Amino acid sequence: MNHPRREVRPRPDDERGASVSVLIAACIPAFILICGLAVDGAHQVSAQRAAAVTAAQAARVGSDSAATGRLNGLDARQEAMRAAREHVGTQPDMACTVGIDANDRVHVEVSTRADTAFLSIIGINHLNARGAATAELRPV
């Protein structure tokens, strides 16, 4: 027995699917923000790692220069600070502060910034990153 097919037409007051649209409209900005935190956060961690490596290298260079300066009769403290600053100066977009304490340990702090890809949408154009290291010259 064949029944005649009835065409189903949506009623004018039918709101099926509207709740899904609202859910998607609310979730898309949250998804973009989460992606931004993940991607731009990874860039910041990478910049922080690069700053820490540069600080360690600069502290070591400063300490080595202090040893050479002592052997040559130069002011070892000034030589160490100059060499550490010079090393950081070779790295793009990095700035540093260098200090030497009373025990002749070379302290280097490097700062840089990571430009954002996703978070610039909400006005965060860069994230700051820092790294620090200390090197000590010990007599043998």
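In this text the structure is predicted, and so the values were computed from the model without any measurement. (Residues numbered from 1 in each chain as written. Predicted model: local features only at pLDDT ≥ 70, side-chain atom pairs only at ≥ 80, totals over all residues. Heavy atoms only, no water.)

(A) Seen up close, the pairing of strand β3 (residues 126-136). Here β3 shows a buried face lined by Leu127, Ala129, Gly131, Ala133 and Ala135 and an unburied face lined by His126, Asn128, Arg130, Ala132, Thr134 and Glu136. Of the strand pairs in this sheet, strand β2 (residues 105-115) and β3 are connected by 11 bridges, and their pairing is antiparallel. Note on β3: the bridge partner recorded for Val106 is Ala135. (Buried < 20%, exposed > 50% of the residue type's maximum accessible area, 1.4 Å probe, protein only. Helix = DSSP H or I, 4+ residues; strand = E, 2+ residues; numbered from the N terminus. Pairing = 2+ DSSP bridges.)

(B) Representation of helix α2 (residues 76-89) within the structure. The terminal C-alpha atoms of α2 lie 20 Å apart, and with 14 residues this matches the ideal 20 Å at 1.5 Å per residue to within 8%. Of the residues making up α2, those classed as buried are Ala76, Glu79, Ala80, Met81, Ala83, Ala84, His87 and Val88. (Expected span 1.5 Å × (residues − 1).)

(C) Here's a closer look at the nonpolar core. In terms of nonpolar packing, the biggest core is built from 18 residues, with Val88, Val98, Val106, Val108 and Val110 touching the most fellow members. Listing elements by their share of this core, those giving two or more residues are α1 (18-71), α2, β1 (95-100), β2 and β3. When residues no more than four places from it in sequence are discounted, the contact partners of Val106 are Ala59, Gly62, Ser63, Ala80, Val98, Gly99, Ile100, Ala133, Thr134 and Ala135. (Core = buried A, V, L, I, M, F, W, Y, C linked by side-chain atoms within 4.5 Å. Contact = heavy atoms within 4.5 Å.)

These figures come from the coordinates and say nothing about function on their own.
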